Structures are given as C-alpha cells and as structure tokens.
Amino acid sequence: MNFNFYALIESRMPKERNAPLLETESGETFSYADLDRATARYAAFLTGLGLNKGDRVAAQVDKSPQALFLYLGCLRAGLCYLPLNTAYQKGEVGYFLQDAEPGAVVCRPAAEAWIRDLAREAGVPHVFTLDEEGRGSFADAAAGSPAVFATAVLAPDDLASIIYTSGTTGRSKGAMVTHKNLASNGEVLRQYWGFSAADVLFHALPLFHVHGLFVACHCVLLSGARMVFHRKFDPAAALTALPRCTVMMGVPTFYVRLLEAPGLTQEACRSMRLFISGSAPLLKDTFDAWRERTGQVILERYGMSEAGMITSNPLTGERRGGTVGFPLPGVSVRVADDADRPLPAEETGGVQIRGDNLFAGYWRLPEKTNEEFTADGWFRTGDVGSFDAGGYVHIVGRAKDLVISGGFNVYPKEIELVIDTLPGVVESAVIGVPHPDFGEAVTAVVVKDAKAELTEDAVIAHVKSQLANFKVPKRVYFVNDLPRNTMGKVQKNILRDTYSKQG
Ligand code: AMP
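Attention now goes to the sheet that holds strand S9 (residues 200–203). Taken together, nine strands build an open sheet; the order of strands is S2-S1-S10-S9-S11-S12-S13-S14-S15 and the sheet is mixed. The strands lining the two open edges of the sheet, one partner per strand, are strand S2 (29–31) and strand S15 (326–327). By the bridge criterion, two bridges tie S9 to strand S11 (residues 247–250) in an arrangement that is parallel. Counterpart to Phe 202 in the pairing with S11 is Met 248. Sitting on the sheet, helix H3 (residues 65–77) touches strand S1 (20–24), S2 and strand S10 (226–229), and the angle it makes with S1 is about 140 degrees.

Here it is as structure tokens:
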C-alpha cells in the first residue's frame, strides 16, 4: 500500500480527468488532468536535480495555481514542502534556509538576488523563480520534463511538509507534518463538512499556511470538487464570485470585511451551503451579525500547524457562536491543569490533544518537542480553554498570553469580552506589561467607533462593575486598529513591546 498522500488524491480524481479543478479570478481554468501533468513535470524535474525522498523544497512565492502544483508535485515525488510566508524578510528567510537545509528554493522574481545570497550562505544548491502568473525559471526548466511520473511509494510517517509556526511569540519552530497527518485530517474534514464533487470552494486564503494549503485544498482534492481561486481576499471580488460557490473558508477578517460591504445580502449567498471560519477567534458580534444579514450560521473550527484541525462546530446540529465546537472524530481533546491532570467541564486549563492528526515533532528540536508532550503522551497546544456543559470547546487565549498580576492568573479573553460589551467598543486586546508591584499590570488596548466618546475611566469603571479587582485594567489605551498578522491573529507581542515602554 502506498501511504503517499498524493496517491490518495489520485485515487479520488474524477473519472473524467478533464473535469474542472480550479478557476482563477481572470477566468483561467485548470482541470484535474492539468494538475496531473503539472505535478508529474514538477516531480520529475525536482528528482532529476538529484533531490531524494525527504529532501526539503522551500518556496516563498505568490499565490498561483502553479504554486499549488509545486506543493503537490513535491508530495508526489516524496519531497518535503516548506512554504514560507511572503511577508518574511531576509533575516527570517535566512534563518529558515539555514535551519531546514533545503535542496532547492523557489522564490518570487523580485526577491531572486537576495535569496541567491542567502541560499549561497546556507549551502542551498538550486534557486528558481515563480511569479504570480506561474511563470519563471522554475516553470521554464520543468516544462521539458515528462508529464508522467510514478508517484513515490511512502510510509505513513514519511515527511510531507515543514510548517514554521507563525511565531507570534518567540522564535519560529518547524512543525514536521507527515503523510499520515494529511490523510487523516483531510478525510475527517471532507466527511465532517459534507464535501462532495458538487462543491465549489471560494478560496482566497494564502497558500503558505495550513488553512489555505491543507484544509481548503485537501477538502476539494479529496472529493473531486473544484474551487474559485483568488490571489488575495477582496470583498467586492468575493461578492461577485460567491453566487457560483457553495463553500467559503476564511479567517475572521474576511467576515468582518464582507459585513462592511453593502452587497452582502441573503441573495448574494443563495448558492452557499457553508461558511467556515478559523485561524483566529471569531467575535460573537460577527457571528451574530452574519446570521442576521445572510440567514446563514458561520461554522467555526479550531486548529494549528502542529495538528491540522482539532475541533469543529457541527455541520448539522447547533453551531454555537464563541465556541470552536467538538473534538473531530479521531482527535482526543482534554483540558488539564498545570500538573497535566484532566479537569472537569466548565473549568479552564491547558488544551491538550492526541490523534493521527498530530505532527511528528519540531524539526531538529527533539528537546523542545519533548517539552510540549505530557508524560502520558498528550500534546500541549499552548491554548487555554474549557469544555462547556454541552461538550463545546471554548478557547480563552494562548497560555503565553496569560497575565499574572499580583500572583493571580488573568485570562485576557474574559476581560476582552467584558470590554467588548461597552457601547462604542469595536474590539479590544488585553495584555500584561511589567509592573513593579504586581509583576504584570493588566492593560487594555481598545479600538472604538470614531464617533464614540469613550474614556479610559469609563472602561475601567465598566470592568470594575463586573469583574474582580485584580482583573481590572490599570491602563487603557485607544488605537485605530490592532496589529494583526496575515492570518488575522492579533500580535500581542507587538502590543506588549509598545506598551511596556509607556508609563
Ligand atoms: P497556526 O499554527 O498559525 O495555525 O496557529 C494556531 C493557533 O491559532 C492556535 O493554537 C490558536 O491559538 C489559534 N486559533 C486557530 N483557530 C482558532 C479559533 N477558531 N479560535 C481561537 N483561536 C484559534
């Protein structure tokens, strides 16, 4: 049996290979036959360079159908795909090349000169380019390779990809994802979310992250479905595409921005059967506003690079706003105290997991990997949460975001939820900043409506009326926007840096 995840994809391709797989915003279409030929060429070309099973291929490229084929070509050849966020600068890319020692790197044409310098320093022998139209030295060189390739035969634990964690805290670590991880998570999601060949996915997520690369593409590829593929998310373009689609996957920011567009109506969503959100918390307000405007209920799910998807609200049955739903089939989730003892429902603690979706460890960091596992084999996600009485999982925040003030543990989310109920507040982020008496001082950073007359004292008084004194912010700062990374996550490290320096 071949456990190469690409072999599973091949086995699911429509009998009619000319069936459409992907349509770009400019109307260009690609079929499953195109995918088969492109991945064969890319696989043949890369192995022809002398790359062997498990060798890494790094890619810092703009989103294009060819970028997706590059990923799939690597899987097909048994190579390990290493996608890099296009926002990464020299220092970061240099670190990844040194750390992962890829056999080849594919980059944007504009970055070629500096990537060549970094590649030379890191001893990476091959550098190619690929632009957002799918052109460049990589495409040119691979064009001469044969369009047939015998998919490499692999074992379940062979490496498929290394995903460097988004690093909102500390140095990025490379999560090693295996073919078994991709297959188990892909199959579970396809079934849980009811994907079929009739589906058309609206895909506007980046391809360098698990959400856009694995979750979205695998659901489509494992069900012989197709997708409308936009390079970037643009609300107006999305509204034009949605009437031809059945499912959308997005980060919460997509939903917030669509709600700002007057064209978002029930009619605009008439062909849609499912809206899925993840990668960052979806505000309850957004969840409610979406239901009111479109008549549809967003399905929120939770996952991470190290584990793919972990929990999801159900396809049928109640989707509960402000929660991330139930553990997925085959994934075990528990909430544990600091001594790794499981806690009962409604108590808050560390979220720990087990299952075939769980990664093989951090690249070349066996000690760091061991630290993240409990003595009885559970992985510490680093997220803090609880189960409610109905079995739905609530994520309260990251353990590293926990504020310890005067010896008390303060979960930022609890305070943010209280601040967010104040009229005039758009959203808020609570952080801890060093404080001579308390260790850390609870500090709130608030985005308010332009017209709202909200003061620091009013926010403090509001929290004081609802929560224990040690949870009340010592300072409140007003800003126009919270800093976010490309996946929509609030970068609390930036807020901590900024406000640690202020009095
Ligand atoms: P990444 O590895 O970049 O995908 O980041 C994973 C982290 O994103 C998780 O550990 C969570 O902290 C966060 N996350 C993902 N989905 C959700 C969600 N639906 N609600 C809250 N946090 C989420």
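There is more to say after this.
Splitting the protein by domain gives domain 1 (5–13 + 29–178), domain 2 (275–398) and domain 3 (403–499). Taking both sides of the interface into account, the surface hidden between domain 2 and domain 3 amounts to around 700 Å²; carbon and sulfur atoms contribute 55%. Counting every contact that joins domain 2 to domain 3 gives zero salt bridges. Our count for the domain 2 to domain 3 interface comes out at two residue pairs in polar contact (both at pLDDT 80 or more). Of the residues in the side of domain 2 that touches domain 3, the class split is six nonpolar, two polar and no charged.

On the secondary structure map, Ser 405 appears in strand S20 (residues 403–405). Looking at Ser 405, its side chain comes within polar contact range of the main-chain oxygen of Glu 440, at 2.8 Å. Non-local contacts of Ser 405, meaning those with residues more than four positions away in its chain, are made with Val 410, Phe 438, Glu 440, Ala 441, Val 442 and Phe 470.

As a further point, take the sheet that holds strand S17 (residues 349–355). Across the sheet, which stays open at both edges, the four strands sit in the order S16-S17-S18-S19 with antiparallel pairing between neighbours. A strand with exactly one partner marks an edge of an open sheet, and here the two such strands are strand S16 (331–336) and strand S19 (393–398). Across the sheet, the mean angle from the axis of one strand to that of its neighbour is 45 degrees, orientation sign disregarded. Two strands pair when backbone bridges link them, and S17 and strand S18 (residues 379–387) are joined in this way by four bridges, in the antiparallel orientation. Within S18, the residue paired with Ile 353 across the bridge is Phe 379.

One broad trend across soluble globular proteins is that nonpolar side chains are buried collectively. Core analysis: the biggest nonpolar cluster contains 112 residues, and Trp 193, Phe 202 and Met 249 have the highest contact counts within it. Mapping this core onto the domain boundaries places at least three of its residues in each of domain 1 (5–13 + 29–178) and domain 2 (275–398). Those residues in contact with Trp 193, other than ones at most four positions away along the chain, are Val 215, Cys 219, Met 249, Arg 273, Leu 274, Ile 276, Leu 299, Arg 301, Ser 312, Asn 313 and Leu 315. Residues Leu 82, Tyr 88, Ala 122 and Tyr 164 belong to the second largest nonpolar core, which totals 24 residues.

What follows covers the site of the ligand. Inspection of the region around the ligand gives 15 residues, with Glu 300, Arg 301, Ser 305, Asp 383 and Lys 489 positioned closest. In this structure, Arg 301 approaches the ligand through a main-chain N or O atom, which is 2.8 Å from a nitrogen atom. Asp 383 is positioned with one of its side-chain polar atoms (N or O) 2.6 Å from an oxygen atom of the ligand. For the ligand, whose unbound accessible area comes to 500 Å², protein coverage reaches 92%. The dominant element in the shell around the ligand, judged by the number of residues it contributes, is strand S13 (residues 299–304), at five residues. Classifying every residue of the shell around the ligand by side-chain character gives five nonpolar, five polar and five charged.

Cut-offs used in this document
Residues numbered from 1 in each chain as written. Predicted model: local features only at pLDDT ≥ 70, side-chain atom pairs only at ≥ 80, totals over all residues. Heavy atoms only, no water. Pairing = 2+ DSSP bridges. Helix = DSSP H or I, 4+ residues; strand = E, 2+ residues; numbered from the N terminus. Contact = heavy atoms within 4.5 Å. Axes fitted to C-alpha atoms, helices over the stretch in contact; angles between N-to-C directions. Domains from an automatic or database assignment. Buried area = accessible area lost by both parts, 1.4 Å probe. Salt bridge = Lys/Arg side-chain N within 4 Å of Asp/Glu carboxyl O. Polar contact = N/O pair within 3.5 Å; in protein donor to acceptor, adjacent residues only side chain to side chain. Nonpolar A, V, L, I, M, F, W, Y, C, P; charged D, E, K, R; others polar. Core = buried A, V, L, I, M, F, W, Y, C linked by side-chain atoms within 4.5 Å. Buried < 20%, exposed > 50% of the residue type's maximum accessible area, 1.4 Å probe, protein only. Near = heavy atom within 4 Å. Areas by Shrake-Rupley, 256 points an atom, 1.4 Å probe, with all protein chains shown as cover.

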